[in-house]
Amino acid sequence: MERVALQVRRREEKGSSRARRLRRAGLVPGVVYGRGREPIPVAVDARALREALRTHAGMNVLIDLAVGDGDGPSATVMVKEVQRDIFRRDIIHVDFYAVDLTRTLEARVPLVFTGQPAGVAEGGVLDIHLREVVVECLPTAIPDQLTVDVSGLGVGDSIHARDLRLPPGVTLVTSEEETVASVVQPRVAEEAPAAAEAPAAEAPAAPAAEVRPGGDSRAPEARPERPSRAE
């Protein structure tokens, strides 16, 4: 479990206009809170915060937070939440949660998939259902990631959360029945329904019978067409 040190300063003034001035100065407004602690508004250097979150632990990194120049209360914290600008994706606010290193907590751990499934060579497709799971453990025991080997999956096979290998002292919170990954048959596009057959052309009606004197009725004889004259 990675651990870094970070210094913040107490933020006396509040409000959106003050927060904008802090951001223009390269600072990120935030708050430190935790069980049995009074929330403390703080400001942290934006670059230092980005560097702290670029470790392998990501959001699960343990931070030894010093408030002020060492004259304020210190705490071991984790980043509980970050808010980002919707366009530039810069961090515009951060919540630090003070943790007790002797008490377990819940944390989200990313999954990393390795291997080439055997079923893919047979024409199957690897389908990833979960990218992370929730575990419970001491703050110092949170895994950076969990590795999932999918090389043994054939077509129709699945890996469930219960199949994950957890380090000692780490308990799975995500349901054991959750599917993590599977190899499925590729979806085949349904064929368009065959066009309805065109109705058969109606047979031409028989010519009306010609009535002749004497009661003789018969169909008129077909007359040969006259050749057209060239004009």
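Everything numeric in this text was worked out from a predicted model, so none of it was measured.

(A) Highlighting unusual backbone geometry. Phi at arginine 89 is positive, roughly 65 degrees, even though this residue is not glycine. Among the secondary structure elements, arginine 89 is positioned in the loop between strand E5 (74-84) and strand E6 (91-98).

(B) Fine view of the sheet that holds strand E9 (residues 132-137). Ordered by their spatial adjacency, four strands build an open sheet running E10-E7-E9-E12, and the pairing between neighbours is mixed. If you trace the sheet from one side to the other, it starts and ends with strand E10 (146-149) and strand E12 (171-172), each paired once. The sheet contact formed by E9 and E12 spans two bridges and is antiparallel. Each bridged residue has a counterpart across the sheet, and for valine 135 the counterpart in E12 is leucine 172.

(C) Highlighting the pairing of strand E13 (residues 179-184). Taken together, the four bridges between strand E8 (residues 125-128) and E13 define a ladder with antiparallel strand orientation. What sits directly across from leucine 126, in E13, is valine 183. Judged from the three bridges that link them, strand E11 (residues 158-160) and E13 form a sheet pairing that is antiparallel. When the sheet's bridge partners are listed, serine 158 is paired in E13 with serine 182.

(D) Focus on the side chain of arginine 11. Within the secondary structure layout, arginine 11 lies in the loop between strand E1 (3-10) and helix H1 (16-24). The charged side chain of arginine 11 is buried without a salt bridge, its nearest counter-charge being aspartate 95 at 7.6 Å. Setting aside residues up to four positions removed in sequence, arginine 11 forms contacts with Leu22, Pro29, Gly30, Pro41, Val42, Ala43 and His93.

(E) Representation of the packing of aromatic side chains. Applying the stated criterion across every chain, the model contains one aromatic pair. With a centroid separation of 5.5 Å and an interplanar angle of 70 degrees, the aromatic rings of tyrosine 33 and tyrosine 97 are classed as edge-to-face. A residue pair is termed long-range when its members are at least 10 positions apart, and tyrosine 33 in strand E2 (residues 27-34) and tyrosine 97 in strand E6 qualify at 64 residues. Residue classification places tyrosine 33 among the partly exposed residues on the basis of a relative accessible area of 26%. Between lysine 80 and the ring centre of tyrosine 97, over which it is positioned, the NZ or CZ distance is 5.6 Å.

The rules behind these values
- Residues numbered from 1 in each chain as written.
- Predicted model: local features only at pLDDT ≥ 70, side-chain atom pairs only at ≥ 80, totals over all residues.
- Heavy atoms only, no water.
- Helix = DSSP H or I, 4+ residues; strand = E, 2+ residues; numbered from the N terminus.
- Pairing = 2+ DSSP bridges.
- Buried < 20%, exposed > 50% of the residue type's maximum accessible area, 1.4 Å probe, protein only.
- Lys, Arg positive; Asp, Glu negative; His and termini not counted.
- Salt bridge = Lys/Arg side-chain N within 4 Å of Asp/Glu carboxyl O.
- Contact = heavy atoms within 4.5 Å.
- Phe/Tyr/Trp six-rings, centres within 6.5 Å; stacked < 30°, edge-to-face > 60°.
- Lys NZ or Arg CZ within 6 Å of the ring centre and 35° of its normal.

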